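# An overview of the molecular structure
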Amino acid sequence: MDAPGRQTPLLDAHRALGARLTEFAGWEMPLQYDGVIAEHNAVRTDVGVFDVSHLGKLRVRGPGAGDALQHALTADAVGLAEGRATYSLVLTDDGGCVDDVFAYRIGPEEWLIVPNAANVAAVARSITDSGEGFELVDEWDRWAILAVQGPRSFEVFESAFPGAGATELALHAWRDIDVDGERGLVARTGYTGERGFELYAPSATAGAAWDRLLKHGARPVGLGARDTLRLEMGYALYGHELTLDVNPLEASLGWVLAWDTPFRGRPALEKVKADGAARKLWGVQCRGRGVPRQGYRVLSGEDEIGTVTSGNFSPTLGGGVALVMGPSEKVPEQGSQVAIDARGRAIEGDIVKPPFVKKR
């Protein structure tokens, strides 16, 4: 389950489109095509399609699968109805974050777990260590994942796959779909704040599905714009807001915890809940010029009150935005003015509650 040596089945298509490629968790993936800002704006105003095939795909099935996932995941995977999906975390015994994942209920004793590319092996270990009487199958190379996002996503997807029924899906629901004669899966579990779909296409037919979406009006979008889009919504990214040293209550993700299930790390988090989280996550919308970056210090006067976990230029707002984590006792009130220390130059900003851009 190591990533090096794996390739998206759409790699040649990205090269043909002139994509700027980058190494990401062992995969060669498109960072941008025509530019991050243009691609970002296409998703906010029209429709874009991302190749996110680097995400892991773990099939968990068997009589013991439910019990194992109740321990490995913070969400109630067993309580999901077939045809539904949920966002979840995978934790250590002390409540640190191993990864954030999506879990799809496929059948009575079957789930599909989708972790981040860099954490597939760690998530697989966490699941296999959580029970017995089930099998875990690595389906990383079996599927390509195409995320179609934007205000016109319903129109474009229906044109590309007429009669598939995807536009009838509720949020966090999925259904089977025919992809050029092969069985695929389409879900509504996006990461941009726009409505849209994730198409799990068999690798053999992924190129045809990609071409069809482009033909019907979707614009190719790279991982660079995916990051600015998720940041505008205040969505967590592993390695930034989530790490082994950060627990969900510090990362404002308490809503992902099913407290009535026996998930790994629950006793530790119950103590954090009772005592109060030592750190909190909050947002800064910049007024001054400059782009905040991960690791920059945030100051209130001369007092350091936090550190940027994610920062970038927001194409929608036309200025910098940042997610910041700092000691709970130093969290400033909303509207307070702060400064982000950008290598010795101050970027002035105001405390705001994410999302920075209103969700559609």
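Here goes a summary of the coordinates provided. (Residues numbered from 1 in each chain as written. Predicted model: local features only at pLDDT ≥ 70, side-chain atom pairs only at ≥ 80, totals over all residues. Heavy atoms only, no water.)

## Describing the sheet that holds strand 19 (residues 345-352)
Hydrogen bonds along the backbone pair up the strands of a sheet, which may run parallel or antiparallel. An order of 14-17-16-15-18-19 is seen for the six strands of this closed barrel, with the pairing classed as antiparallel. Within the sheet, the average angular offset between the axes of one strand and its neighbour, ignoring direction, is 40°. Where strand 18 (residues 337-342) and strand 19 come together, six bridges link them in antiparallel fashion. Residue pairing for strand 19: isoleucine 340 is matched across the bridge by isoleucine 347. Contacts from helix 7 (residues 223-232) reach strand 16 (303-314) and strand 17 (319-327) within the one sheet, and its direction differs from that of strand 16 by about 130°. (Pairing = 2+ DSSP bridges. Helix = DSSP H or I, 4+ residues; strand = E, 2+ residues; numbered from the N terminus. Axes fitted to C-alpha atoms, helices over the stretch in contact; angles between N-to-C directions. Contact = heavy atoms within 4.5 Å.)

## Here we look at the side chain of serine 314
Turning to its location among the elements, serine 314 is positioned in strand 16. Judged by relative accessible area, serine 314 falls into the buried class, the value being 1%. If we skip the residues at most four places from it in the chain, serine 314 touches Glu232, Gly319 and Val321. (Buried < 20%, exposed > 50% of the residue type's maximum accessible area, 1.4 Å probe, protein only.)

## Brief notes about the side chain of aspartate 341
As for its placement among the helices and strands, aspartate 341 is situated in strand 18. On the basis of relative accessibility, which here comes to 18%, the residue aspartate 341 falls in the buried class. A polar atom in the side chain of aspartate 341 sits 2.7 Å from the backbone nitrogen of glycine 344. (Polar contact = N/O pair within 3.5 Å; in protein donor to acceptor, adjacent residues only side chain to side chain.)

## Things to note about the nonpolar core
Formed by 64 residues in total, the largest nonpolar core has its most connected members in Tyr104, Ile113 and Ile127. No other element matches the seven residues that strand 6 (residues 97-107) contributes to this core. Aside from chain neighbours lying at most four places away, what touches tyrosine 104 is Arg84, Ala85, Glu110, Trp111, Leu112, Val114, Trp174, Leu185, Ala187, Thr189 and Tyr200. If you look at the next biggest cluster of nonpolar residues, it comprises 28 residues, including Val47, Phe154, Leu169 and Val186. (Core = buried A, V, L, I, M, F, W, Y, C linked by side-chain atoms within 4.5 Å.)

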